[in-house]
Structure formats: C-alpha cells, structure tokens
Amino acid sequence: MAAVGKSVARKDGIGKATGGAKYADDLTFPGMLFGRTIRSTIPRGRVRSVKLDFDTAGFTIVDHRDVPAKNAVDLMSQDQPFLVETEVRHMAEPILLLAHEDKEKLSAARVEIEYDEEAPLFDPEQSTQVFKAIDIVKGDVAAALAKADVIVEGTYRTGHQEHIYIEPNGVIAVPEDGGIAIYGSVQCPFYVIKALRCMLGSAHPNVRVIQTETGGGFGGKEEYPSIIAGHAVLLALKSGRPVKIIYDRVEDMVATTKRHPAIVRHRTGLTRDGKLVAMDVDVLLDGGAYVTLSPTVLSRGCIHAAGPYSCDDTRIQGRAVFTNTPPNGAFRGFGAPQTEFAVEVHMDRIAEQLGIDPVELRRINALRPGDRTATGQTLRDDCSAHMVLEEAVKRTDFTRKRREYRGTNRTIGLSLFYHGAGFTGAGERNLKSKARLELTLTGVRIATGSTEIGQGTRTMHAQIVTDALAIPYESVEVAQPDTSRVADSGPTVASRTCMVVGKILEECALEMKEKLGGLTPAEYYARSGGLTVERMYEPPDWIQWDDNTYLGDAYATYGWGCDVVELEVDPDTYEVRPLRITAVQEFGRPIHPALARGQIEGGTAQGMGYALLERVVMRDGAMANSTLTNYTIPTTLDMPEVDVVMLENPYPGGPFGAKGLGELPMDGPAPAVVNALRHMGLDVREIPATPELIAACGTIA
Amino acid sequence: MRYDRVKFTLNGAVRDVAAPPAARLIDVLREECGLTGTKEGCGEGECGACTVLVDGEPVCSCIVPVAQVAGAEVTTIEGLNGEHPLQKLFMDEVGAQCGICTPGMIMAALSLGPAPSLDDVRTALAGNLCRCTGYSAIYRAVMKWRGMPIPETAGAT
Ligand code: FES
Ligand code: FES
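Residues numbered from 1 in each chain as written. Chains lettered and ligands numbered in written order. Predicted model: local features only at pLDDT ≥ 70, side-chain atom pairs only at ≥ 80, totals over all residues.

Examining the domain arrangement of chain B
All names here are of chain B. Worth spelling out the cut-off: The start and end points of each domain follow an automatic or database-based domain assignment. Here the contact rule is simple: place C-beta atoms from the backbone, and any two residues whose C-beta atoms are within 7 Å are in contact. Counting from the N terminus, the helices are DSSP H or I runs at least four residues long and the strands are E runs at least two residues long. Residues are grouped as follows: Ala, Val, Leu, Ile, Met, Phe, Trp, Tyr, Cys and Pro are nonpolar; Asp, Glu, Lys and Arg are charged; every other residue, Gly included, is polar.
In terms of domain boundaries, chain B breaks down into domain 1 (4-78) and domain 2 (80-149). Here domain 1 and domain 2 have C-alpha centroids that lie 21 Å from each other. The interface is formed by 13 residues belonging to domain 1 together with 13 residues belonging to domain 2. Sort the elements by how many residues they give to the side of domain 1 that touches domain 2 and strand β3 (residues 51-54) lands first, with three residues. Of the residues belonging to the side of domain 1 that touches domain 2, the class tally is seven nonpolar, five polar and one charged.

This is the structure in structure tokens:
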C-alpha cells in the first residue's frame, strides 16, 4: 500500500511523548566532566592578561595554545578562531575553557581578564569591511528607470531574530578507542567533522559525530555546534575524559548566531497602469564579527529580493559587512525573509501610490511559467504564483473584507512570496551528496547524515523508500546519523532534505528493487547475503549557473505562497491582535500531509513572531534582553487560527513530485502583517512592528 | 554544603533523597532520580518544558526548590508509563515535532477539565512554549483526547 501522500505513523516512535527520547543533556558517560566557556566582556580589543582566581585543583583548563593544528573554524572562510588568541572581535567571544566534575565548583570559578579596549563598530552602514558583495544585472535598469512613468522608492529594515529552539545547544565529547566520539544536538554532523579535522589535523584522524535527538534547530544548529564540539573535544583531549557542554538559555542567546539584520532599499519604475519596468534593489546585511555563512545568506537574500515578479530590467546589489557583534548565521529562510519583507511592503506602497488594488498589482506582475526571474532563469510549469494568489484571495474573501474593514480597528493584508529549494546555482552539483540504502534481514535501512530535527526527516524518507521499493513501510528503518556509518547526504538545510536527499533515496530504492529481482529482502538475504546501494545526487542537467555574474538557474524549483493576515489594533496602545491567518502554499506534493502542515503552521508562527514580537535589543554589542522573559516568542495566546491550504503542482525532479518546504512559510507572515497595518494608515517599514514602533508610524485612519 | 533529606512521592513510589535544600526540583528529578523526561529549556520559569505535577498542579520544576515538595506527590512524564492516550495523540497529530516541549506540554494539558473549549486549552498551555508547531497540532491532540470537535481552521488532517 502506498505510503507517500498519507499521514502514516511517524518513525520517531513514542519516545518524544514518553520522555524516553534522549537529547544531549540526557546522556551521561562514566567519569564525565562538565565544560564551561569563559567569554569576552568587551566588543573589541586585545586580551592583555588572563588571571585564574580560583583553586585550580581538579580543573581542566584550555586556551588557544591547546589547539593541536589550526585554531580556525573551517566553514566558508577560516577567519573565526575556536578560542581567542589576543584579538577580541565581539562580546561573548570564547577565550578560555574550564572543565570540572562538579557543576557547582565549575560555575563558581572566577577568571579575571584584562583588555586593551578599542572603539567598536556597530553600525553596518558605516562598515567598510565587506565579507561578500553581489551584483545581479539583468537588462539596463538605469535606462528603464529613465523611461518609467512613475518611480517609487523606499527603505525597509528588519532586525535580528533569535532561533529559540527550546533545547539549547549541547555537545558531549567522549574519548573512545583510538579516537573521539561527539554526541550532540546538531543539524549537520558532517560540518562538525570538517571543522574538527581542521582543528585537530592529522594527529587525531578518528573522530565521529553522532546526532542525538535534537530539540529544534531552524538553522541555529547548522554552524555553531562546530564551535561547541571543538571546545568539548579540546577539553576531552586534555583531560582524557568525556566532557559535556550544555549552554543555558542566556548563554545560548548571547553567544550564538541570529538572523542577519537587513536594510533593503528599493527604487522601482512602473508604467502608470502598474506594470513593473525597472527594479533597482540594494541589500545590506549585518554579518557580525566573522564571515560564517554570510556570503550564502546574502546570495539567497539577493536572489529573492525582486520578489515573485516579472521585470525585464533589474539590478540587485548586495553586501554583507563586518560589525563588532556576535556573528549572524543561518536561520530558516536564509536571507529571503528579509528581502521578501522589503519587496512585499514596497509592492503595497506602490499600489497605494498608483491607486491600484494590491491584488491587482500582483496579478499584473506576478511570475508565470515562461517568465524570467531576476537572475534570468526561465520558469517552468511548476511556477504557481498566480495559483496561490487567486486561491488566497478567494478563500479569504479578501477584496470584500479589505473594503469593509476600512475605517475600523480591524484590517487585512496579504503577501506573495516564493522560496528556492536546495542549494543555490551549482551548489548541489558541487556538494555531491550521497545517500545509502542497506538491506536488512527484514527490509532496508536508510543511512544518511540528514538529521531529524522535528521536521519529519525519518518518516518522510522512509515513505519515499517504501513506495519506490514497494515493500511495507514498517520494514524500512532509519539509522541514527553517525558519521562513521552513514553516507554524507550534505547538510540538513536549504529545504533540501526532502527534495534532494529524498530523490537520491528514491533512486537508491529503484536500483535496489532491480537488484532484488523480485525477491523479498528476507529471500535475497538468505540467498546472497547483504546488499548496499549508494548513489550520488545528480541535479537536473538543464541547470546553468554562473557564479561570477549570478545569472542562470538559481534553483531547480521554487515553492510558492500567499499569506493573508487579519488583525486588530488597539487604537490607544497600538497593541496588535492577530485574528486569523490563511497560509496558501504550493510545494510540489506533500509526502506526509500532517508533517507538511506542521511545517507551515510552525513556520508561520515563527514569521508572526518575527513580524510583531521578537526584538533583539543590542547594547554595547551584546544582546541585552537575553532571557525568555524579555525576548518573547509567540505563545498559545499570541497565535491565531492558521488556515492552511496545501496546493499541488508537482516538480518532476523531486521524489514523487515534492519540492522543498521547510523555509517557505517563514517568508510570508511579516509583510502580510505590515501590509495589513498599512491598510489602516500606519506607514510601517520595519520589523518587529512593536507597539512603540507602530505608534511612531501614524494614527489609525 | 548542607544536604537535607527530602521525602516525597514520585510517580507513586516514595523517594527519599539527599540534596541541598535549595536544589532545583528539576535537577533532583533528572540527576538524582535519573528521570530525564523532564526537560530544561530556560531555567527561569518561562518555557514550561520542565512542567511536572505537584499534588496534581502543573509547576515549573526549574524554579521549585526540592525542599518545597517534601511530603508532596510529584508526577513526571515517566509517571504516565507511556499509557496515557495524549502521548500517542501528540505523535499522531504531530503535536510533537522536535519533542523537547512535549513532556511539559502533556503534563500541563493534564490539568484540563473534561470538555474544554479551544480557549481553555490555550489558557492551560499559555505557559508552555513550542517553537516548532505553532500550537495548532497541539490543540488537535488535546481536543481529540477530550473528544471535543476540532475547529475547522485548527486543520483536521
Ligand atoms: S526550564 Fe523551567 S520553565 Fe523553562
Ligand atoms: S515540538 Fe519542538 S518545541 Fe515543541
């Protein structure tokens, strides 16, 4: 019986609901020590002296001199040290590591660090140190602007956002026979391996990473866990004992990555009747103190910056720059929520200036199959911008409500958005990710590095294999990611785990089916013993991409969405109460409808927090509101009903027609909220739209 | 450090632990008693991941000193023995994604009366944060458990 397309029983088992599932902090090992990180308390300067102000008996103490090979986190660039040598670039930068078997003694240890302070740089607009610059040119934007009937300009700002996975970061390094094992709450076990190889060099070849049950990631456990793993490994090597490092909430908020703040400028030319003729976009991202993943965040942000619209003459320029703040990094959406917020709010401002209905403006300009995107990609039949727009407008009775709510304290707004699935451009080709299927006595085992972080990896992969192999769903097992035992299927990011890794698994299953030659796994096993099939991802052959010009097929396919938000604003306090959200999204085909719905509901909630609540207050280069008391995410009382509509428009290159889904829902809520506020006469151009900010943007009309 | 003996009932059995009186209940449960189903998300009473029942009332075990439960009856997620219908419903309805909030959510939901409205569920769970689900699937699990109709837009699948 087919499994794909049904909400079959999840492969997680019951452990998450019984307390039996083991997260990093639930594990202990004999002789285990606890690790603690001593961090900088200035945003910029040099370490002059480090004084240990405690009885060091029983402590393991590590500084940069204990790094065996290279004191650099091997990510896109090798600029970030595991431990400060002398130069401090941001608050809460790791300087020294302590370990002890007694948590009380560990937390009581006092370390005095003296610095020579230097003047920090916090304002990205003042920064001249550019991590990455991008310039995407299609046509001649200057000439097109010169000929336009109308020009609309605007500047839009988005703030930091903190991931708030409910399980804070945690890693345990365990010395084992001939090597070291790392257990941790990680999204990308092979990223950790890469970073550790660089840090350890050839003296310690045997490292493996085992992903423990992971309490949420959202991008926040993509790159940062490599640093924590490095720290735990250094302490474990020096002490010869297992070392556990679990961040508490405050440390996790102060020290780890966040969503990049952005300033996006638009200059747009149109004909009088609303056809886009020129889009000139400038994107500035605050990268923080080290490069981390900023170049690719900028890239995805820029590629999505013109929105899901057709315009012949566009230019998108972007920069990600240095500041003396903790490095920003991966977060669900990866640059697109910032730039799609800007373009969608800008579209409603254009509609207002031209006196055109915002739905009509989108109807005129939204991409259709055959149109070319800002990178010059010709879209195929799986482009669904108009389909999601029309469905959302109809389902919510948008036009009538829009008219009727005018002049009341109730309002409604929408956003149209899209999200490219998989790595950008030639990324998937270069990545060469692999997946493996192993025959077992009773069925097959999936062995990949793709992590289950709540989104349903195990289940959805098992469904794909079930149907491709035509065996019972129950006979498919999924191995826990352990880098010594599974194929490197690439990182669990970029909405690629279903569409890309799922596709490799489908092909593995088809190959295995052929090899089984009609025998059941048990029969084959009895006759010929084990069988393993491993395959590498082959992106569609039509993908053309130029990494220098940023022109070509940026993504093999896109998901499409239209969100409609209805809300009420208190006329005195400017408090916003969301009443109802309609999320219409097209992502190929849902493999597991209940899990897919969960991605949309959860991503939409995160988007609502981004829009209204989640304000990171930076003071002297550090997050000042680093507790859940004063950094608030949506609770049951903040989230209204979400009406989810899943439309289908299969992508032929995905498993069973599936596209990527994880990030798409994050792009829509913020602009829909702000466009609803605009309909009340509140000229908001920034998020989070807190009551104070809204109050400064006008009075309710 | 001074250690006191604290006696309480844990999941139906009497426990007698030695702990500093200010020790947090969550640490005693996880470290002394080996019950790691109770999770720590913030340590300051804001996220509810550490919710357990003390004499039937949901409390955040990260802000309760163990001395305070002397003589009381403490129930953790392990006390449900995997047999409570909510546990399966949380998995089937995808009320648990990453699952880290789930034990706390389930313990908090147990305080609901027999025929809750959606607003009752919202209020009962207002102290429990979930970053994955947006809560709708949690409502579906809880309403199903209580045999209540599921509001259209809470999305029956
Ligand atoms: S850990 Fe107790 S409320 Fe968050
Ligand atoms: S399921 Fe992940 S926090 Fe609730």
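Still more ground to cover, so stick around.
Thoughts on the packing of helix α4 (residues 189-200) of chain A against helix α5 (residues 224-239) of chain A
Residue and element names in this part refer to chain A. The criterion, for reference: For helices, the axis comes from a line fit to the C-alpha atoms of the stretch in contact; other axes are also lines fit to C-alpha atoms, and the angle between any two N-to-C directions lies between 0 and 180 degrees. Here roughly perpendicular refers to angles of 65 to 115 degrees, roughly parallel to angles under 35, roughly antiparallel to angles over 145, and oblique to all remaining angles. Crossings are sorted by hand: turned counterclockwise from the far helix by less than a right angle, the near helix makes the crossing left-handed, and turned clockwise it makes it right-handed.
Between α4 and α5, the shortest axis-to-axis distance is 9 Å and the interhelical angle comes to 45°. Classified by the angle between their axes, α4 and α5 sit oblique to one another. The two elements α4 and α5 meet at a crossing, and its hand is right-handed. Along its contact with α4, which presents Y191, V192, A195, L196 and M199, the element α5 presents P225, S226, A229, G230 and V233. Within the contact of α4 with α5, the residues separate by chemical class into eight nonpolar, two polar and no charged.

Description of the sheet that holds strand β10 (residues 179-184) of chain A
All names here are of chain A. To be explicit about the condition: The pairing criterion for strands is at least two bridges between them, as found by DSSP.
Taken in spatial order, the seven strands line up as β3-β5-β1-β12-β9-β10-β11 in an open sheet, and their pairing is mixed. This sheet does not close on itself; its edge strands, each paired only once, are β3 (60-62) and β11 (207-211). Neighbour to neighbour, the strand axes of the sheet diverge by 25° on average, direction disregarded. Bridge count between strand β9 (residues 170-176) and strand β12 (residues 243-246): four bridges; the pairing is antiparallel. Within β12, the residue paired with G170 across the bridge is I246. Here α5 sits on the sheet in contact with β1 (33-39), β3, β5 (94-100), β9, β10 and β12, set at roughly 35° to β9.

A short note on the interface of chain B and chain A
Counting residues at the interface gives 42 residues for chain B, matched by 46 residues for chain A. Broken down by secondary-structure element, the contributors of at least two residues to the side of chain B that touches chain A are α2 (85-92), α3 (102-109) and α5 (136-145) of chain B. Ranked by residue count, the leading element in the side of chain B that touches chain A is α2(B), at four residues. Taken together, the residues that form the side of chain B that touches chain A break down as 21 nonpolar, 15 polar and six charged.

Section: the confidence of the model for chain B
The predicted structure's coordinates, where accompanied by low pLDDT, should not be read in detail. Let me state the cut-off plainly: A residue's pLDDT is simply how confident the predictor is in it, with values from 0 to 100.
Chain-level statistics for chain B give a pLDDT mean of 94 and a share of 96% at 70 or above. As scored by the predictor, the complex reaches a pTM of 0.97 and an ipTM of 0.97.

Section: helix α8 (residues 336-354) of chain A
All names here are of chain A. Going by this rule: Expected helix span is taken as 1.5 Å per residue step, with the number of steps being one fewer than the number of residues. Exposed residues have 12 or fewer other C-beta atoms within 10 Å of their own C-beta, buried residues have 20 or more, and residues in between are partly exposed; the C-beta atoms are placed from the backbone.
The end-to-end C-alpha separation of α8 is 26 Å, in line with the 27 Å expected for 19 residues at 1.5 Å each. Most of α8 is tucked away, with 16 of its 19 residues classed as buried. At the exit of α8 stands G355, carrying a positive phi of roughly 70°.

Concerning the sheet that holds strand β4 (residues 57-60) of chain B
Residue and element names in this part refer to chain B. In space, the five strands of this open sheet follow the order β2-β1-β5-β3-β4, with mixed pairing throughout. Strands at the two margins of the open sheet, each flanked by one partner only, are β2 (13-19) and β4. Strand-to-strand twist across the sheet, computed as the mean angle between neighbouring axes with direction ignored, equals 40°. Bridge analysis of strand β1 (residues 4-10) against β2 gives seven bridges, and the strand direction is antiparallel. Directly across from F8, in β2, lies its bridge partner R15.

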